[in-house]
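Tertiary structure, described
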Amino acid sequence: MRRKDREVTVLGAIEEILLQCKLCHVAMVEDGLPYVVPLNYGYQILDGGRLELYFHSALAGRKLDILRRNNKVCFEMAYEGEPVHAETPCQSGYYFASVIGFGETEFIKDDSLKCTALSVIFKHQTGRDVAFTAKQAQTVCVFKIVSTDFTGKKKARPNTI
């Protein structure tokens, strides 16, 4: 990362960013060309600093076809704060926070594990605990991205006193 002054490496601080974001952009490669999709997600940070991002989708589609051929991905989620208007354009911008990383996609086949993942997604998106049934889980594809290679970045508003 070029701007080390904006790097976020502490897991608790990265989780604060993940909590604010509801959309994850997942980039993959098809025939040497990039393809990116925005997806709602849920997550867990596990022991050892392993991040698992959970997603659901239709049972078929381009994204799934690509991921089955090449499970390596890059992901990004961000939230914008307010704009920074400076006297010079080069000093203008946004206060923001983001998480970017690399990982591998794993498809979840077991209905019980799919139900758990769907509950994690729903909790993150709505703040509500919901139990899913095997019948509901069978109607969607559920997959996760497993990553140990991720970092946060933040341009925070300076403290004002």
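A brief look at the structure comes next. (Residues numbered from 1 in each chain as written. Predicted model: local features only at pLDDT ≥ 70, side-chain atom pairs only at ≥ 80, totals over all residues. Heavy atoms only, no water.)

1. Comments concerning the overall build of the chain
- Each helix and strand in the chain was counted, giving four helices and eight strands.
- Projected onto its principal axes, the C-alpha coordinates of the chain cover approximately 55 × 40 × 30 Å.
- Looking at the chain residue by residue over its 161 residues, the buried ones come to 35%.
- Of the contacts formed within the chain by residues at least 6 apart in sequence, a portion of 69% connects residues at least 24 apart.
- By element, 53% of the accessible surface of the chain is carried by carbon and sulfur atoms, the whole surface being about 9700 Å².
- Of the charged side chains in the chain, 21 are positive and 19 negative, and the gap between their average positions amounts to 3 Å. (Helix = DSSP H or I, 4+ residues; strand = E, 2+ residues; numbered from the N terminus. Buried < 20%, exposed > 50% of the residue type's maximum accessible area, 1.4 Å probe, protein only. Contact = heavy atoms within 4.5 Å. Areas by Shrake-Rupley, 256 points an atom, 1.4 Å probe, with all protein chains shown as cover. Lys, Arg positive; Asp, Glu negative; His and termini not counted. Charge placed at Lys NZ, Arg CZ, Asp CG, Glu CD.)

2. Topic: the pairing of strand 2 (residues 23–30)
- Burial of strand 2 is one-sided: the residues Cys 24, Val 26, Met 28 and Glu 30 facing one way are buried, the residues Leu 23, His 25, Ala 27 and Val 29 facing the other way are not.
- The pairing of strand 2 with strand 3 (residues 33–40) spans eight bridges and is antiparallel. The partner of Glu 30 across the bridge, within strand 3, is Leu 33.
- Alignment of strand 2 against strand 6 (residues 72–84), held across three bridges, turns out to be antiparallel. Residue pairing in the sheet places His 25 in a bridge with Glu 76 of strand 6. (Pairing = 2+ DSSP bridges.)

3. Here's the deal with the packing of aromatic side chains
- Taken as a whole and judged by the stated rule, the model has three aromatic pairs.
- On the numbers, 5.8 Å between centres and 50° between planes, the contact of Phe 107 with Phe 143 is tilted. Of this pair, Phe 107 sits in strand 7 (residues 93–108) while Phe 143 sits in strand 8 (residues 141–155), and the two are 36 residues apart along the sequence.
- Overall, the relative accessible area of 23% leaves Phe 107 in the partly exposed class.
- A relative accessible area of 0% places Phe 143 in the buried class.
- Centroid distance Phe 122 to Phe 132: 6.1 Å. Interplanar angle 75°. Geometry classified as edge-to-face. (Phe/Tyr/Trp six-rings, centres within 6.5 Å; stacked < 30°, edge-to-face > 60°.)

Everything listed is a geometric property; what it means functionally is a separate question.
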